[in-house]
Every structure is written in structure tokens, then in C-alpha cells.
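# Architecture at a glance
Chain residues, written in single-letter form:
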Amino acid sequence: KKNCTVKFEVKMTKSIEISAAAEYGAYTAKETHEVYVNCHLKAPALEEEARKPVDIVVVLDRSGSMAGSKLELCKKTMEFMVKQLGPKDRVALVTYDSSVTANTELTKMTETGKSQLVNALKGIHAGSTTNLSGGLFQGINAVQAPTRVDGDGPNPVKSVLLLTDGLANCGVTNTDQLVSAVKSLLQPGVNLFTFGYGNDHNEELLRHLSDAGNGVYYFVEKVDSVALAFADCLGGLLSVTAQGIQLSCDALNGCDIRSIKTQSEIKAVEQSKMYQVSLGDIYAEEERDVLMIVSLPSLKYFDMQLQAVRFKLQYLNVLTCAMENAEVTLTLQRPEQYSQERPPNSVVVQQKARILAAEALDQAKEKAEKGDITEAKAVIEKARVTLTVNQAPENDVTVQCQAQALIADLGACSSFMADERLYKERGRFDVASMAQQHHVQRSNQVNIAAMEVEAEEKEGGGAFGVSYRNKAKRSMMKRV
């Protein structure tokens, strides 16, 4: 096994860095070409004392199936969360079974506020059926209210955390209807994270809800993993550096944008020419990549520099409380012929591999849901073979480590597809959460040992080669 330790230089800046690259730097002039182009965003580092306060509404399932250790551990996990927050942060608690209860309003986590929340937790007991939609709507309305009981305005970072172990069986229960309702209800800048316990919950609903809310879905296999899931989520929320990220992609000089490889919301301003991609928020040190296929026209003259795509970035810098803009234009060489070997761009190679793995997992899950486990495994194996064959040169350690990590992730998901029973009991949750992690480039894997979190930190913790977990998330998980 290769040593996949990757060193990262931390630059002390408060703005998002933007860059662009094509798979190759040069394409012959007299021919048309279909090329991979990538726009890369890198968030700044953040010291803990510089982070902004948060408003968090926890929506907790108290239905009958949560009775016993599940509910008790959720309460203890909330107590852990409260201890990590400061006096400017706010937390509210909404619980639901067949009915919905606002146990506490958004309250500042002063010593008095923490005591009030802990006392409210003691009074929560398991009840009857699961009105998930009712609890979720209540939580969203609470965090989006224009005022707070303390008289101050809402905090910059606003999130809803939905926790459940079962299926929605009263209220709005149809997945498409519930996701559509949440999309229409959520305001910009409000995130939704979902946590599914055990093997009885609807992973498709929870993943789609979290996608709608620019959050992630956590599959919590064992009850004692709930604390790690909360810690990963909280660490991220306490390291938000930018919100409302909009990326404009403008094809220039006869170039056309053929496809954009992202599950983020895309708005076509002018078909094939200009698109706007909504990327939500970004945590400290996180990276975002928008990979696309662009067609280049043939040119009458060679040895020209062609400006192919202009990327314009706009976002709210949470650290400076100001709107910021940045842009970069991709320029390509168009020679008569290639005079030397053309090494591919490492970042573009990485993004092609990431999308290949994520799309393979989506395709495999679709086939497995139809009962075709054999074909589902074949899709994953094909992607693993492709990644193995396309391994980077010996001197490109970063790309090699990413390929190894993706191959391992695909192998782990494939192992839970040994038969239909294992897929339904475990595999469907792993595949859903792993695919989402690679699509959105944000960690959601928490069924791990403490030593694995330590290993991530020692090996650099970059998005590739280990995980997408940033420093703040690892730090919070180590406190559990």
C-alpha cells in the first residue's frame, strides 16, 4: 500500500480561492474537441474563536420505536452538543410522534439556557406513530422566524437537524410531496441535515430532504454512533465561512457547455452558453468542484490562445459579513499539432474519478432497488476496474491516493450487496450516504472508530486520499 500522506499549505485568507483548468492545456486548432473543464473552489482556514454563532433546531423522533437506549442516547448526545456551544449560539428542540411539541424555543446557550434545555430533555418520553412532516415543518418555521425570544436577530448560520429511526406514517408521507414541500418552505441560507438510525428508516427520503436543504444525510448504523454523527455535523456548522455561493459559467468564443456534472441546482441563463450553479455554503478548508464537458470550435488559425470559459463567483463571506466576487477565465493553447507529451491536469483527473464513483453508486442503487443485485454489483465492479486501470503516474501521489480511496469505498459498498437480504438490511443505507458524500464533497461517514478519525488528522485530512472531513469536524469528533 502506498503512503498516502499529503501535506497541505494553509494560507491565511478570508476569501474563497477560485481556479479553472481543462484536462489538457492544449488542443489542436483545426479540429473540434470535447474537453473536460473544472472550476475549483477552496475555502479559507478558520480559527475556532473567529467562527460565527449558530441557530440550531433539533427535530427529534419520539415515536414508540425510539423507546429505550435510542432515545436516551439521543438525549445525552444533545447534552454533549449543548456543552460545545457558546452564549451567543441558540438551540431549540422540537419532538414528534403522532403529535408535534415545541419543547423549547431558540434559546441562547448561556448557563441558564443550557440548564433549561437539559431539563426539557428529561421530560421527553417515547410515544406512538411518526408524524415526521409535522415535526420537520415546525422545526423549519422555528429557525426561519424573523425574531427571537431574546429580542436579538437570527444568527448567521441557521440549521435544522432531523433525527428519526423509522418511516413517516402520518402527516405527509409521500417522499416526492414532502421533498417538494420542504423545497418551497426553506429560505436561502437555511440548511437541513438528516440522521437515520438503524435499518428501518427511509434513506431515500432522508437523502433527498438533505439535498433539498444543502445538508447531508447521516446513516447511523449503531446507536452509539449518533454522538459521532452529531459531532461531525456540529463541527461543520461551527466552521461555515461562506453562504449563498453562486457560480456563473459563461462559454466564450464559440465554445459550448455540453453538460455539467453536479447535483447542485443549475439554472440555464442561455442554453449551451451560460449557466448559474447554486452551491449553498462551504466550511473552512472545504473544496468544491464543478466539472463540465465543453466543446471547442475548430479555428482558422493556429498558435492562438483561446479564452474558453469564464467563471464568476458571488457569495456572502460569513467571516467579513460582506458580499464578495471573484472570477477566473480558462485560456487554452490551440497549436497546429502537439509538439510534446501532454500530461493531464491532476485536479481534473481527480474530479472525473469522483464523479465516476458517485454516479456508479447511484446507478447501482437504482438497479438494486429493482431487485437486480447482480447487475448492481457489476456496475460497481466496472467503476472499480476503470479507476484501477486509470491510476495516475507514480509521481502523482495525490491522484493515486484518491483513486485508492474511491476503489475502497466502492468495494465496501459492493460487499453489502452480497445478497438481497444484506442489501436491504445495510447496503442501501451505505450506498445512499456514500454516493451523496462524493457528489457534494462533504463528509457524512460516521460508522467509524476513533482511531480512524486520528488517522485522518495525521494523514492531512484532505478531501482526497482520506475523507472530506475538515479540521473543525475532526476536532469535534475527538471530543465525543
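Residues numbered from 1 in each chain as written. Predicted model: local features only at pLDDT ≥ 70, side-chain atom pairs only at ≥ 80, totals over all residues. Heavy atoms only, no water.

### Here we look at the overall build of the chain
- Helix and strand content of the chain: 12 helices and 15 strands.
- Over its C-alpha trace the chain gives a radius of gyration of 23 Å, about what one expects of a compact globule, namely 23 Å for 480 residues.
- Principal-axis analysis of the C-alpha atoms places the extent of the chain at approximately 75 × 55 × 45 Å.
- When each of the 480 residues of the chain is scored for burial, the buried share is 54%.
- The contacts in the chain between residues at least 6 apart in sequence include a share of 76% that link residues at least 24 apart.
- When the accessible surface of the chain is totalled, it reaches about 20,500 Å², and 48% of it is carbon and sulfur.
- Put simply, the chain has 54 plus and 60 minus side-chain charges, and the middle of one group is 2 Å from the middle of the other. (Helix = DSSP H or I, 4+ residues; strand = E, 2+ residues; numbered from the N terminus. Rg over C-alpha atoms; globule rule 2.2 N^0.38 Å. Buried < 20%, exposed > 50% of the residue type's maximum accessible area, 1.4 Å probe, protein only. Contact = heavy atoms within 4.5 Å. Areas by Shrake-Rupley, 256 points an atom, 1.4 Å probe, with all protein chains shown as cover. Lys, Arg positive; Asp, Glu negative; His and termini not counted. Charge placed at Lys NZ, Arg CZ, Asp CG, Glu CD.)

### Some details on the pattern of salt bridges
- Summed over all chains, the structure comprises 32 salt bridges.
- Between Arg-479 and Glu-48 there is a salt bridge, and its shortest N-O distance comes to 3.3 Å. In this pair, Arg-479 is assigned in the segment after α12 (471-478) and Glu-48 in the loop between β2 (33-42) and β3 (54-61), connecting sequence segments 431 residues apart.
- Arg-479 sits in the partly exposed class, given a relative accessible area of 35%.
- The residue Arg-442 makes a salt bridge to Asp-281 at a minimum N-O spacing of 3.1 Å. With Arg-442 in the loop between α10 (420-440) and α11 (450-458) and Asp-281 in strand β12 (residues 274-283), this residue pair connects regions lying 161 residues apart in the sequence. Of the two residues, Arg-442 and Asp-281, neither departs from the other in class, the shared state being buried.
- Where salt bridges share partners, they join Glu-203, Glu-204, Lys-365, Glu-369 and Arg-428 into one cluster. (Salt bridge = Lys/Arg side-chain N within 4 Å of Asp/Glu carboxyl O.)

### Structural notes on the pairing of strand β8 (residues 217-220)
- Neither face of β8 is open: one carries Tyr-217 and Phe-219, the other Tyr-218 and Val-220, and all of them are buried.
- Across four bridges, strand β7 (residues 190-197) lies against β8 in parallel orientation. Residue Thr-194 lies in a different strand from β8, and its bridge partner there is Tyr-217.
- Between the parallel pair β7 and β8, the chain is carried across by helix α5 (residues 203-212), and the sense of this crossover is right-handed. (Pairing = 2+ DSSP bridges. Right-handed = clockwise from strand over helix to strand, strands pointing away.)

### Describing the packing of helix α4 (residues 175-185) against α5
- In contact at an axis separation of 9 Å, α4 and α5 are set at 20° when each is read in the N-to-C sense. In terms of orientation, α4 and α5 fall into the roughly parallel class. Remark: the crossing between α4 and α5 carries right-handed chirality. Two secondary-structure elements touch here, α4 through Thr-175, Leu-178, Val-179, Val-182 and Lys-183 and α5 through Leu-205, His-208, Leu-209 and Ala-212. (Axes fitted to C-alpha atoms, helices over the stretch in contact; angles between N-to-C directions. Parallel < 35°, antiparallel > 145°, perpendicular 65-115°, else oblique. Left-handed = near helix turned anticlockwise from the far one by under 90°.)

### Considering the environment of Ala-358
- Its place among the elements puts Ala-358 in helix α7 (residues 346-369).
- Separated by 115 residues in sequence, Ala-358 and Lys-473 have C-alpha atoms that sit 22 Å apart.
- The residues touching Ala-358, leaving out its near neighbours within four places in the chain, are Ala-435, His-438 and His-439.

### What about the sheet that holds β3?
- Read across the open sheet, the six strands follow the order β5-β4-β3-β6-β7-β8; overall the sheet is mixed. Each edge of the open sheet is held by one strand with a lone partner, namely β5 (100-108) and β8. Within this sheet the neighbouring strands show an average axis-to-axis angle of 15°, counted without direction.
- Note: strand β6 (residues 157-164) against β7, seven bridges, orientation parallel. Pairing of Leu-163 across the sheet is with Phe-195, part of β7.
- Seen against the sheet, helix α3 (residues 132-144) touches β3, β4 (90-96), β5, β6 and β7 and runs at an angle of roughly 165° to β6.

### Some thoughts on unusual backbone geometry
- Of note, the phi angle at Asn-214 is positive, near 50°, even though the residue is not glycine.
- With respect to the helices, strands and loops of the structure, Asn-214 is situated in the loop between α5 and β8.
- Judged by relative accessible area, Asn-214 falls into the partly exposed class, the value being 40%.
- In this structure, Cys-321 is a non-glycine residue whose phi angle is positive, near 55°.
- Here Cys-321 lies in the loop between β14 (304-317) and β15 (322-334).
- The exposure class assigned to Cys-321 is exposed, which follows from its relative accessible area of 57%.

### Some words on the sheet that holds strand β1 (residues 17-22)
- If you trace the four strands from one edge of the open sheet to the other, you get β1-β2-β13-β10, paired in antiparallel fashion. Edge positions in the sheet fall to β1 and β10 (256-261), since each of these pairs with one other strand and no more. Strand after strand, the sheet turns through a mean of 25° between neighbouring axes, direction not considered.

### Here's the deal with the environment of Ile-355
- Inspection of the secondary structure puts Ile-355 in helix α7.
- Take Ile-355: its relative accessible area is 6%, and that puts it in the buried class.
- In this structure, Ile-355 is in contact with Lys-261 and Leu-291, ignoring residues within four places of it in sequence.

### Some remarks on the side chain of Thr-77
- Turning to its location among the elements, Thr-77 is positioned in helix α1 (residues 69-84).
- Here Thr-77 is in contact with Val-226, Ala-227 and Phe-230, once residues within four sequence places are set aside.

### With respect to empty space enclosed by the protein
- By the definition in use, this model includes one cavity of 30 Å³ or more.
- In this structure, the largest cavity occupies an estimated 30 Å³ of space.
- In terms of lining residues, the largest cavity is bounded by Phe-219, Asp-430, Ser-433, Asn-444, Gln-445, Val-446 and Asn-447.
- Grouping the constituent residues of the lining of the largest cavity by class yields two nonpolar, four polar and one charged. (1 Å grid on protein atoms, 1.4 Å probe; cavity = no way out; pocket = protein on both sides within 12 Å on 5 of 7 lines; lining within 4 Å. Points joined across faces, edges and corners; volume = space filled by probe spheres on them. Nonpolar A, V, L, I, M, F, W, Y, C, P; charged D, E, K, R; others polar.)

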